[in-house]
Every structure is written in structure tokens, then in C-alpha cells.
Amino acid sequence: MGVGFIVGVVGVLILSHAAYSTIQYRSLLKITGEEFSGPPINVLVELIAGPVLCLWAALTVPGKFLSILPHSDENRVVTLPANLDFMIFNHRGKAFPLELDLKVY
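Presented here is an overview of the structure given in this document. The structure displayed is predicted, hence computed values, not measured ones.

**Notes on the overall build of the protein**
Within the protein one finds two helices and zero strands. The proportion of buried residues among the 105 residues of the protein is 12%. Within the protein, counting contacts between residues at least 6 apart in sequence, those at least 24 apart form 67% of the total. Per element, the accessible surface of the protein, about 9,900 Å² overall, is 67% carbon and sulfur.

See below:
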């Protein structure tokens, strides 16, 4: 568990707390009979800080990119699947014309 993972967990916890605080604030307004005009300032700050922390964690947690070796046998996509019974070449795509005579005016 690195720092990025912990920051992501803190971001999710902050978003959860913002949701809980908003629900609690609305129930308080129902009791007092006031109208809901928007969440309090601390909830707005949490709603800005939470996604920023989650975004930062999502960008840092996966790690470094590895280079793709072009001559490796694991990267070959040209092989056909073992079961050729499920390959369909007769489909509705042949109903469309191959050449479209579109003119731009």
C-alpha cells in the first residue's frame, strides 16, 4: 500500500462523509421546517477535495507503463482462435453498398 492508495481511500471517505453530511443536513431542515437551498460550505469543500484526491490516486496508483516488445511471441494477434465454428462471415454488413456517392455542396 503506497501513498497513492491511501490518498484514494481518504478521497472516498471524504466523499462518503459529504454524502452523509448532506443527508443529515436535509433531515435537520425537515425537522426545523426550513427549505433546502443547497448544502453547507463544508460539504462543498469536501465535494471538491474528494474527487481531486480520488483523481490523483487513480493517476498514481497503477504504476509505471511497461514497454511493449514488438518481436515478442506474446504480442501476436494474427493467430486465429482454436474454434473456427463461431467465426461468422455471412452477416448483414453485405447489405450496405461498398461505395457511397456522396457529394459535398
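And the narrative resumes.
**A word on helix H1 (residues 3-32)**
Taking 1.5 Å of rise per residue, the 30 residues of H1 would be expected to cover 44 Å, and the 43 Å separating its terminal C-alpha atoms lies within 8% of that figure. Here H1 has its buried residues at Gly4, Val7, Gly8, Gly11, Ala18, Ser21 and Leu29. Considering only its buried residues, H1 is in contact with helix H2 (41-60). Where H1 ends, the next residue or the one after it, Gly33, has phi of about 85°, a positive value.

**What to know about H2**
With 20 residues, H2 should reach 28 Å at 1.5 Å per residue; the first-to-last C-alpha distance of 29 Å fits that figure. Buried residues of H2: Val43, Glu46, Gly50 and Ala57, and no others. Taken around the axis of H2, the buried residues stretch over an arc of 60°, which confines them to a single face. In H2, the exposed residues that point more than 90 degrees away from the buried face are Ile41, Val45, Ile48, Val52, Leu55 and Leu59.

The rules behind each value
Residues numbered from 1 in each chain as written. Predicted model: local features only at pLDDT ≥ 70, side-chain atom pairs only at ≥ 80, totals over all residues. Heavy atoms only, no water. Helix = DSSP H or I, 4+ residues; strand = E, 2+ residues; numbered from the N terminus. Buried < 20%, exposed > 50% of the residue type's maximum accessible area, 1.4 Å probe, protein only. Contact = heavy atoms within 4.5 Å. Areas by Shrake-Rupley, 256 points an atom, 1.4 Å probe, with all protein chains shown as cover. Expected span 1.5 Å × (residues − 1). Arc of directions from axis to C-beta.

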